[in-house]
Amino acid sequence: WETYRTVLEILRNNSKLEALYAMTAVRAFHFCQHYKRTSEFRRLCEILRNHLQNLAKHRDQRDRPDLTNPESLQLYLETRFEQLKVATELGLWQEGFRSVEDIHGLMVFAKKTPKPQMMAVFYAKLTKIFWVSENYLYHAIVWLKLFQLSLAHNTSMTQADLST
């Protein structure tokens, strides 16, 4: 755990190594998931959230990752989606909701929505979060959004699929 944390701290300010940063974050997520290290996972999420906030604050520094670059933004989004998956699998619903907020913030910053496959995972995890938190209205709305996304992008759906 300490090694992952140290590597992330070293790589956070280098735009040339942001793919390595993302890969290290994902491996740290899987480490926490495999060994059921929930407190370390929470700390890891907080560290990544602070790194993202610092990126937004100090945009003018040299060699910083640039979130206006589509490839950089995609890496950050993929990392947050993986964070959301692991949070829900560990049953850390509050951390999952914070991950949803992070993803939403990145989507607002980018002014575009991610790939439909990623959005389907996003909505599926969000349904679980709202169900566990007993926010049934939001749960229903997210199911509706997932259904609309499926209708728009799943061309193999038949009338029988829609009636069940």
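As the structure is a prediction and not an experimental result, all values here were calculated from the model.

Trainee: What exactly am I supposed to notice about the confidence of the model for the chain here?
Mentor: Low-confidence regions, as indicated by low pLDDT, have predicted coordinates that should not be scrutinised in detail. Taken as a whole, the chain shows an average pLDDT of 92; of its residues, 98% reach a score of 70 or greater. Across the chain, the element-wise mean pLDDT spans from 72 in helix H8 (residues 159-163) up to 97 in helix H2 (residues 18-34).

Trainee: Would you explain the packing of helix H1 (residues 2-11) against H2 in this entry?
Mentor: Packed helix pairs are characterised by how far apart their axes lie and by the angle those axes make with each other. Packing of H1 against H2 leaves a shortest axis separation of 10 Å and a crossing angle of 160 degrees. The angle between H1 and H2 falls in the class roughly antiparallel. For the crossing formed where H1 meets H2, the hand is left-handed. Contacts from Tyr4, Val7, Leu8 and Leu11 in H1 reach Leu20, Tyr21, Thr24, Ala25, Arg27, Ala28 and Phe31 in H2. Within the contact of H1 with H2, the residues separate by chemical class into nine nonpolar, one polar and one charged.

Trainee: What is the right way to look at helix H7 (residues 136-153) in this model?
Mentor: It helps to recall that an α-helix has 3.6 residues per turn; residues three or four apart then point in one direction. Between the first and last C-alpha of H7 there are 26 Å, a value that for 18 residues agrees with the 26 Å anticipated at 1.5 Å per step. Among all positions in H7, only His139, Val142, Leu146 and Leu149 are buried. The buried residues of H7 occupy an angular sector of 85 degrees when the element is viewed end-on, so they sit on one face. Seen from the open side of H7, the exposed residues pointing more than 90 degrees away from its buried face are Leu137 and Ala152. In the core, the buried residues of H7 are packed alongside helix H6 (116-132).

Trainee: Any chance you could explain H6 here in plain terms?
Mentor: Taking 1.5 Å of rise per residue, 17 residues should cover 24 Å, and H6 covers 24 Å from first to last C-alpha, within 8% of that figure. Buried residues of H6: Met118, Met119, Phe122, Tyr123, Lys125, Leu126, Thr127, Ile129 and Phe130, and no others. Close packing links the buried residues of H6 with helix H4 (70-89), helix H5 (93-110) and H7.

Conventions used here
Residues numbered from 1 in each chain as written. Predicted model: local features only at pLDDT ≥ 70, side-chain atom pairs only at ≥ 80, totals over all residues. Heavy atoms only, no water. pLDDT = per-residue confidence, 0-100. Helix = DSSP H or I, 4+ residues; strand = E, 2+ residues; numbered from the N terminus. Axes fitted to C-alpha atoms, helices over the stretch in contact; angles between N-to-C directions. Parallel < 35°, antiparallel > 145°, perpendicular 65-115°, else oblique. Left-handed = near helix turned anticlockwise from the far one by under 90°. Contact = heavy atoms within 4.5 Å. Nonpolar A, V, L, I, M, F, W, Y, C, P; charged D, E, K, R; others polar. Expected span 1.5 Å × (residues − 1). Buried < 20%, exposed > 50% of the residue type's maximum accessible area, 1.4 Å probe, protein only. Arc of directions from axis to C-beta.

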